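Report on the structure
Each chain is listed here by its residues.
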Number of protein chains: 2
Amino acid sequence: MTVTLADVAARAGVSSATVSRVLNGNYPVADGTRTRVLRAVDELQYVVNGPASALAAATSDLVGILVNDVADPFFGIVASAVQSEMGGEGVTGAGQKLAVVCNTGGSPERELTYLTLLRRQRAAAVVLTGSAVEETAHSTALADRLRHLAAGGTRIVLCGRPPLPPRSGTTEQPPAPAEDGVVTLTFDNRGGSHRLTAHLLTLGHRRIGYVTGPADRSTTRHRLEGHRRALGEQAPEALAEAERLTVHGGAYDRSAGYDGALELLRRAPDLTAVLAANDTVALGVCAALRDRGLRIPEDVSVGGFDDLPFAADASPALTTVRLPLHEAGARAGRLALGLETPPPGDVATVRADLMVRASTAPPAPR
Amino acid sequence: MTVTLADVAARAGVSSATVSRVLNGNYPVADGTRTRVLRAVDELQYVVNGPASALAAATSDLVGILVNDVADPFFGIVASAVQSEMGGEGVTGAGQKLAVVCNTGGSPERELTYLTLLRRQRAAAVVLTGSAVEETAHSTALADRLRHLAAGGTRIVLCGRPPLPPRSGTTEQPPAPAEDGVVTLTFDNRGGSHRLTAHLLTLGHRRIGYVTGPADRSTTRHRLEGHRRALGEQAPEALAEAERLTVHGGAYDRSAGYDGALELLRRAPDLTAVLAANDTVALGVCAALRDRGLRIPEDVSVGGFDDLPFAADASPALTTVRLPLHEAGARAGRLALGLETPPPGDVATVRADLMVRASTAPPAPR
DNA sequence: TGGCGCTCTGAAAGCGCTTACCGACACTCA
DNA sequence: TGAGTGTCGGTAAGCGCTTTCAGAGCGCCA
């Protein structure tokens, strides 16, 4: 029914092995032969049978990208950056990967499910993005699954996630980073957050509210840690209050920011700055402050995180911590394809730079 | 290396045929045997080899979902609804589909590329969402490709798209809907738009601005048609002005709405209502109006389209046309899986209901 | 009790590709 | 000129499943 390799071979007057070699381009083939084969491919409108190819080669063209929330621009940027690296040298030719995004909705179970499904498909690689759930049972289950996948030949790249916890079961293991083929690109959340808070402290702020992301996410914890460390270093007296000035947002969304800011204002009407889990949350914070009649940055400074495209366009333009999402995604894509050599120890930390814009200013004099 | 069917069979003391039958559940197997097999599967942590299975069965577990823009909530809702129908009866068991979303970025070429890639993977089905590009060369190429896929056994569902144009090449064909296995769920864009405009006219509005979506999209045209038809019916005198009061937005985004509204205000400072291509655009329209010091709905009424979640939460709550996205997506998913029988003629129109909320009111008396 | 039908299971033939292995041929170099 | 070397192409053995076909076992009725 459908055209097969053999049909193409017959038409081109060669063996199917030769056709395969032309298509995969990993073996010397005389120019004349190649041309003839390609013409036959074209004339017959041949399209490789992916499953057959995957079965024989023990790996498919699929690359999975796991995201928490497909609607969040953070993931959109990373995912499209990964995809942009997948383009092969033409559609009929082999080597073209199918990058598919799998939306976990932040659910650990769905994450595991997708991983199994991708393993079943013998995916060439999977890129996991976004914050990891901290709950231990899940994270070790996840780590095991990932190592299992890696052992089966699937390349694993963690992008914007903390490195895997050490292998379970072997608790005796020294703190060796376990060369298990899982590559990690982790953002410097602690450092970025530290710099942002330090910036506020330097401006003179002492009462700084913080609306975090979901409490069970690694990212939330890391950003909070950076914040607290900066406080401890530059304003130990403010540290004492930090707990009270921290509100845990239930999600990385606008309304978490809005509600969080209102709650902060209730607890400490005299705060002079608010930091948000990320830019989206920061937007909500700004809205709430404005609704309370506060001006930004004259009355209250606001800081975000991520530097999503809208941060620079917001009014006032948002001071935030820039995460090079596109760059990191592209690198993750190349790593997934094996086009780039993994960093030493298989872990690289991606820098997080402070972007000072209009939403932060010295606190108003009392 | 990895566990195969034969390993499971050996462990359970049966043949691999039996294991396959247990896993696929499409053949009588004695209870005792089934239990033994399932235990073996469990003990060995067996995971089906998807490619092998796909090769033998001539169809894979993959279901593709093509979306214009993964970051647009419209597509997010549809895609997750489709996915929600995919859940099989367990991960190791067969029948669990892998629903993957492919982000075309609205580009016809990428759409075609993804279709080829999905064909290569012998996808079980593909769901295409969102507006179609109207450019003829592409749309017939697309139609051919889709019919090709359908002929190859892949189920095709168009969700929120117009039906395919008639088969190319056979121009002689009578207007028969061509039973080619491509199922379409199309939104009643014309009707919805008609109702919305009629609502404004009934309120007394006569100068109604319109910020459309990208000009080359079917959805844009259909919504505009409904709008014009309502004008023609209830206010022929307003129709004459319609052209001047229409601004073509370059995208379905906020800034298109913002810019569009400013342009409209320039052309007709006395307009009393503005309709937007969709809710996102409407948000931009509202922002622009407010920035010009106009109150909604006292000075200007605003209408959206789609009824995305934020429409009801906006202030003022947005009058809009509700598209049952989740419902349509779920149905598309079932259709893709063959769980639901296609509508007669393979085309169903999904209703679009008017949702009157706070953003529309009678025009201020002169 | 023999024959029939029913339920369950096994043997084996592919599905369409990749790739190890080998042979053919054309050179080059001594 | 014959061995050595390198380039190219064919042969055929799988990859791990699904599924057809046939057969085994068994209860039942006549």
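Residues numbered from 1 in each chain as written. Chains lettered and ligands numbered in written order. Predicted model: local features only at pLDDT ≥ 70, side-chain atom pairs only at ≥ 80, totals over all residues. Heavy atoms only, no water.

Overview of the interface of chain B and chain A
This is how the line gets drawn: Here, residues are in contact when the closest pair of their heavy atoms is within 4.5 Å. In this description, buried area is defined as the sum, over both parts, of the accessible area (probe of 1.4 Å) that is lost when the two are combined. The term salt bridge refers to a side-chain nitrogen of Lys or Arg lying within 4 Å of a carboxyl oxygen of Asp or Glu. Starting at the N terminus, helices and strands are each numbered in turn, a helix being any DSSP run of H or I of at least four residues and a strand any DSSP run of E of at least two. Each residue gets one of three labels, nonpolar for Ala, Val, Leu, Ile, Met, Phe, Trp, Tyr, Cys and Pro, charged for Asp, Glu, Lys and Arg, and polar for the others, Gly among them.
Counting residues at the interface gives 39 residues for chain B, matched by 39 residues for chain A. Overall, the association of chain B and chain A removes approximately 3600 Å² of surface from exposure, summing both partners, and the carbon and sulfur fraction of that is 63%. Remark: the boundary between chain B and chain A carries two salt bridges. Residues R120 of chain B and D61 of chain A are paired through a salt bridge, measuring 2.9 Å at the closest nitrogen-oxygen approach. Listing elements by their share of the side of chain B that touches chain A, those giving two or more residues are α4 (50-57), α5 (73-84), β2 (98-103) and α6 (108-120) of chain B. Among the elements that make up the side of chain B that touches chain A, the one with the highest residue count is α6 of chain B (eight residues). Of the residues in the side of chain B that touches chain A, the class split is 20 nonpolar, 13 polar and six charged.

Some thoughts on unusual backbone geometry
Between I296 of chain A and P297 of chain A the backbone carries a cis peptide bond, its omega angle lying at 5 degrees. Of note in this structure, R122 of chain A is not a glycine but carries a positive phi near 55 degrees. Checked against the element boundaries, R122 of chain A lands in the loop between α6 (108-120) and β3 (125-129). The phi dihedral of D307 of chain B is positive, around 60 degrees, even though this residue is not glycine.

Some details on the protein's contact with DNA strand D
Which entries qualify depends on this criterion: Proximity is defined per residue: any heavy atom of the residue falling within 4 Å of a molecule or strand makes that residue near it. Between N or O atoms, a polar contact is any pair within 3.5 Å; within protein, one atom must be a potential hydrogen donor and the other a potential acceptor, and residues adjacent in sequence are included only when both atoms are from side chains.
Neighbouring DNA strand D are 25 residues, the closest being T18, R21 and T33 of chain A together with S20 and Y46 of chain B. Backbone atoms, meaning sugar and phosphate, make up 60% of the atoms of DNA strand D lying within 4 Å of the protein. Between A30 of chain A and DNA strand D, the recorded distance is 3.1 Å, taken from a backbone N or O atom to a phosphate oxygen. Between DNA strand D and the protein, one listed contact pairs a phosphate oxygen with a backbone N or O atom of L5 of chain B at 2.7 Å. The set of elements that each furnish at least two residues to the surface near DNA strand D consists of α2 (16-24) and α4 (50-57) of chain A together with α2 (16-24) and α4 of chain B. No other element matches the five residues that α4 of chain B contributes to the surface near DNA strand D. Partitioning the surface near DNA strand D into residue classes produces 15 nonpolar, eight polar and two charged.

Here we look at α4 of chain A
Where we set the bar: Buried means the residue's accessible area, taken with a 1.4 Å probe over protein chains only, is under 20% of the maximum for its type, while exposed means over 50%, and partly exposed covers the values in between. The arc in question is the one traced by the directions running from the helix axis out to the C-beta atoms.
Among all positions of α4 of chain A, only G50, P51 and A54 of chain A are buried. For α4 of chain A, the arc enclosing every buried residue in end-on projection is 95 degrees, short of the 170-degree limit, so these residues lie on one face. The inward-facing, buried residues of α4 of chain A contact α4 and α6 of chain B. For α4 of chain A, the capping residue at the N-terminal end is N49 of chain A, with a side-chain oxygen 3.0 Å from the backbone nitrogen of A52 of chain A. Count one or two residues on from α4 of chain A and you reach A58 of chain A, which has phi positive near 65 degrees.

What about the pattern of salt bridges?
Residue and element names in this part refer to chain B. Summed over the entire model, instances satisfying the criterion amount to 54 salt bridges over all chains. Between R161 and E111 there is a salt bridge, with its nearest N and O atoms 2.7 Å apart. Taken together, the residues span a long stretch of sequence, with R161 in the loop between β4 (155-159) and β5 (182-187) and E111 in helix α6 at a distance of 50 residues. Classification of R161 as buried rests on a relative accessible area of 3%.

Let's talk about the side chain of T154 of chain B
All names here are of chain B. As for its position among the elements, T154 is in the loop between α7 (136-151) and β4. On the accessibility criterion, T154 (6% relative accessible area) is buried. Polar side-chain contacts of T154 include one of 2.8 Å to the backbone oxygen of A123. Excluding its chain neighbours within four sequence positions, the residues that come into contact with T154 are A123, A124, A125, V126 and L149.

Focus: the sheet that holds strand β9 (residues 301-303) of chain B
Residue and element names in this part refer to chain B. Put simply, the test is: Two strands qualify as a pair provided DSSP detects at least 2 bridges between them. Between N-to-C directions, angles cover 0 to 180 degrees, with each direction set by a line fitted to C-alpha atoms, over the stretch in contact for helices.
Spatially, four strands are ordered β7-β6-β8-β9 in an open sheet, and the strand pairing comes out parallel. Bordering the open sheet on either side are β7 (246-248) and β9, each of which pairs with just one other strand. In this sheet, adjacent strand axes meet at a mean angle of 15 degrees when their direction is disregarded. Sheet topology places strand β8 (residues 273-276) next to β9; three bridges connect them, and they run parallel. Bridging across to β9, A273 finds its partner in S301. Of the strands in this sheet, β6 (208-212), β8 and β9 are in contact with helix α8 (residues 189-203), which crosses β8 at around 170 degrees. Across the sheet, helix α12 (residues 279-291) is in contact with β6, β8 and β9; its angle to β9 comes to roughly 165 degrees.

What to know about the packing of helix α1 (residues 5-12) of chain A against helix α3 (residues 31-44) of chain A
Residues and elements named next belong to chain A. What counts here: Note that the term roughly parallel is reserved for angles under 35 degrees, roughly antiparallel for angles over 145, roughly perpendicular for angles of 65 to 115, and oblique for everything else. Should the near helix be turned anticlockwise from the far one by less than a right angle, the crossing is left-handed, and should it be turned clockwise, the crossing is right-handed.
The interhelical angle for the contact between α1 and α3, taken along N-to-C directions, is 125 degrees, at an axis separation of 9 Å. Judged by the inter-axis angle, α1 sits oblique to α3. Classified by chirality, the crossing of α3 by α1 is right-handed. When α1 is examined against α3, the residues D7, V8, R11 and A12 are found in contact with a partner set consisting of R36, V37, A40, V41, E43 and L44. Its residues assigned to classes, the contact of α1 with α3 comprises six nonpolar, no polar and four charged.

Observations concerning the domain arrangement of chain A
To be explicit about the condition: Each domain's extent is set by a domain assignment, obtained either automatically or from a database.
Partitioning chain A into domains gives domain 1 (5-47), domain 2 (59-187 + 327-350) and domain 3 (189-322). Placing the centre of domain 1 of chain A and that of domain 3 of chain A at their C-alpha centroids yields a distance of 60 Å.

Describing the packing of aromatic side chains
Spelled out, the test is: Ring geometry is summarised as follows: Phe, Tyr and Trp rings, the Trp one being its six-membered ring, pair when their centres sit within 6.5 Å, and such pairs are stacked at plane angles under 30 degrees, edge-to-face over 60 and tilted between the two. The rule is short: NZ of Lys or CZ of Arg within 6 Å of the ring centre and within 35 degrees of the ring normal puts a charge over the ring.
Following the criterion strictly, the structure yields four aromatic pairs over all chains and no others. Taken together, a centroid distance of 6.4 Å and an interplanar angle of 80 degrees make the contact between F74 of chain A and F187 of chain A edge-to-face. Here F74 of chain A is found in helix α5 (residues 73-84), whereas its partner F187 of chain A is found in strand β5 (residues 182-187), with 113 residues between them in sequence. Residue F74 of chain A is classed as buried on the basis of its relative accessible area of 10%. Every member of this aromatic cluster is reached through a ring pair, and the members are F74, F75 and F187 of chain A. Taking the ring centre of F305 of chain B as reference, the NZ or CZ of R223 of chain B above it sits at 3.8 Å.

Side note on the UniProt feature "domain: HTH lacI-type" (unreviewed entry) in chain A
Rule in force here: UniProt positions are given in the numbering used here, feature names are shortened, and annotations may be inferred rather than shown by experiment.
As annotated in UniProt, the feature "domain: HTH lacI-type" (unreviewed entry) corresponds to residues 3-57 of chain A in the numbering used here. The straight-line gap between the two end C-alpha atoms of residues 3-57 of chain A is 20 Å; of that span, 71% is helix and 0% is strand.

Some words on the environment of N103 of chain A
Along the polypeptide, N103 of chain A turns up in strand β2 (residues 98-103). A relative accessible area of 11% places N103 of chain A in the buried class. The sequence separation of N103 of chain A and V321 of chain A amounts to 218 residues, and the corresponding C-alpha distance is 26 Å. When residues no more than four places from it in sequence are discounted, the contact partners of N103 of chain A are V67, N68, D69, V70, R110 and Y114 of chain A together with Q83 of chain B. Side-chain polar atoms of N103 of chain A contact the backbone oxygen of N68 of chain A, separated by 3.2 Å.

A closer look at the relation of the copies chain B and chain A
Going by this rule: Superposing the copies works by least squares over the C-alpha atoms of residues that have pLDDT at least 70 in both of them.
Aligned on chain A, chain B shows an RMSD of 0.1 Å; the corresponding rotation is 180 degrees and the shift along the axis is 0.0 Å. The superposition operator between the copies reduces to a two-fold rotation axis. The residues that chain B uses at the interface reappear at the interface of chain A in 97% of cases, marking a shared surface.

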